[in-house]
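# Coordinates in review
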Amino acid sequence: MIYNIDFDIAALFFLLALLFIFYYKKWIPNTQNKVFSAILWVSLFATITDILDAGMSSSSGLFPMDIHQIILYIYFLLIDALPILYVLYIFSLTGVEGKLFEGSRKYTFFGPIVMILFIILANFNTGWLFSYNSEIQNFDRNYAVAILNLIAFYYLMFGVKEIIKHRRVLGTEKSVALCLFVVFITLPIIIQMYMPHLFVTMFGVAICLFLIFMTIQGSEEIRSSTGLLNRNAFISCINIYNDKKEEYVIIAIRIRGYRYFKRVFGRTKMKKFLKEIGSSLDNYFENQNRAFYLGGGRFAVLLPSRYSSDYIISDLQNIFNKEIDGEEMKINFASNFCIINCPSDVNDIDSLLQLIDKFDKHIDESKEITYASQIEMADSKRIDEIEKAVDRALLNDSFEVHFQPIYSLDKKNYHSAEALIRLHDEKLGSISPAEFIPIIERNGLIIQVGIIVLRKVCEFYLENKLNEKGIEFVEINLSVAQCMQKDFSEIMQKILSEYDINPNWINFEITETVAAESPELLSKLMTTLHAKGFQFSLDDYGTGYSSMISLIELPFHIVKLDREVVAKLSNVKTQIAIENTIEMLKKMNMYVVAEGVETQEQVRLLQDMGCDYIQGFYYSKPLSGQLFIEYIQKQMSVV
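Being a predicted model, the structure only gives us computed values, none of them experimental.

## Looking at the nonpolar core
Among the nonpolar cores identified, the biggest contains 109 residues, and Leu 281, Phe 299, Leu 316, Phe 399 and Phe 628 are the most heavily contacted of them. Looking at which element gives the most residues to this core, the answer is helix α16 (residues 446-464), with 10 residues. Not counting chain neighbours up to four residues away, the residues in contact with Leu 316 comprise Ile 251, Ile 253, Leu 281, Phe 285, Val 301 and Phe 337. Counting residues in each nonpolar core, the second largest holds 60 residues, with Leu 12, Leu 40, Ile 79 and Cys 208 among its members.

## A short note on the packing of aromatic side chains
For the structure shown, the criterion picks out 43 aromatic pairs. Taking 5.9 Å as the distance between ring centres and 10° as the angle between the ring planes, the aromatic pair formed by Phe 76 and Phe 130 counts as stacked. Separated by 54 residues along the polypeptide, Phe 76 in helix α3 (residues 65-94) and Phe 130 in strand β1 (residues 130-133) bring together distant segments of the chain. Residue Phe 76 is classed as buried on the basis of its relative accessible area of 4%. The class of Phe 130 is buried, set by a relative accessible area of 3%. Site record: aromatic cluster; members linked through ring pairs are Phe 22, Tyr 23, Phe 36, Trp 41, Phe 45, Tyr 89 and Phe 213.

## Brief notes about helix α18 (residues 488-499)
Taking 1.5 Å of rise per residue, 12 residues should cover 16 Å, and α18 covers 17 Å from first to last C-alpha, within 8% of that figure. What α18 keeps buried is the set Phe 488, Ser 489, Ile 491, Met 492, Ile 495, Leu 496 and Tyr 499. The buried residues of α18 occupy one face: seen down the axis, they fall within an arc of 165°. Away from its buried face by more than 90 degrees, α18 exposes Lys 494 and Ser 497. Positive backbone phi, at 55°, marks Asp 500, one or two positions downstream of α18.

What counts, and at which threshold
- Residues numbered from 1 in each chain as written.
- Predicted model: local features only at pLDDT ≥ 70, side-chain atom pairs only at ≥ 80, totals over all residues.
- Heavy atoms only, no water.
- Core = buried A, V, L, I, M, F, W, Y, C linked by side-chain atoms within 4.5 Å.
- Buried < 20%, exposed > 50% of the residue type's maximum accessible area, 1.4 Å probe, protein only.
- Helix = DSSP H or I, 4+ residues; strand = E, 2+ residues; numbered from the N terminus.
- Contact = heavy atoms within 4.5 Å.
- Phe/Tyr/Trp six-rings, centres within 6.5 Å; stacked < 30°, edge-to-face > 60°.
- Expected span 1.5 Å × (residues − 1).
- Arc of directions from axis to C-beta.

What follows is the structure, given as structure tokens:
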């Protein structure tokens, strides 16, 4: 008999293509993918043995009988394994594969397997399945083939029952695809029973697998735009570790200012940059699928507990902490890292994801590396609400700037003011700066908000002619991020030119924390801005970050004593410290402002010590623009 293997050859190429695509996509080693991989390989080798069987049967007597017999045994083992793997695949999709070993189901599932093995192995002595026909020098297939087909059909129906039972979990598309598998595998078997020369069974299997691959395996994309595995893949991998009850380490990484960078550079440029990071991570871990991109500028690295996270994290810092080259600015890129030991720190997937998404909201921004065990999770709901309020304020331009007047003890008038940002939300009401400013900084919006404040101050100064009202300048706070912005001076100069504002009318306040963290960048920025006419105040002086070098080398014009120091003026030691500090600063040709002054006694003591300016509730709280103008005009009329 001449056998037609055209369909088998087509099936062979189909399966090879599916295997190539499957492994090219770098699948996750979960149960579903492992079973599907097994189905592909079993189908491939079953097709090969089917082709070899057809070739040997067509060339009777040319091949040793023993080799042909071995090929047949391998073929029957492989072809009868496919329906069993099909059932396992369905159970893996529903997530209840463990239930195969519970109750009576283990007998209904494993019982027929024993029968298959018995029929195949017994064939050595019985010839139930196939036997050698010396007349035609070939093998005849016997009645046990029909029994094996019935068992195969039993497993197919077993699978259909589970599909119907779990149809809501699987969804319509998956359920239909899995049921069509039964149709496409049954029809070729029936055809081949009536047309034994036509080898179409494996072609039907290949078509089924292609359908499943396109509708199920390919429907859940596990790669992000960075080239790394995505959030769904991360969850699957974590579930694998949790199911095995293995210890593992997560290094969560958050790009500081991601939202700001995305707004400045645009989606396309940011995606390109993230892809570069993804490629660097993939190369570092030698394509072992240990790095994941979770979206929103957040990454995660999954490591078995045997790895040293301290050793790896230094390399990760080099990958993430790089400079971004934009069209209009250059910014030093920075990230926060959180090391999470599982299951000691977190023992379930939901808590882990919450920690990864929120860890940066509950840490000291200055700490680049944090351990999960050090984090005390705050009220995440409140933080989320404030984040939305900030977004609304940016969208609606509803940030307000209030002004706190600063009193000159020498001239007996208000000579300057500090600009303070305020947020009143339509849903949350007034939100404390202590709440929303850290969130703005963490989300990388501080540069954008800083520009908003500067524009509002310039507009207010110009419209109300503050210089004619005795207000010589307005103080504006600078953040670490603004000081790290390399073209910050150009941006400031451009804004002042738009409003025709004299740089002498703006005084930038820089905290001691900023001076301590970025001395070189700050020195360069201050030197550039000072040359253009801007002035500077050193804010919060005396709170622990004081640096004599900063006072000596940086062009500060004013030093502001922190309110915590002023609050302790009743203490004799504090009085001695402040008096000597003021004397020292005056010898360095600097002016001194005392913040947080609330009583007449504090004013008297500070005046006796030679303090120049007073800022605090004793004279006035921060006022809205309109109230500030009314207050200053009233004081002018009194004078």
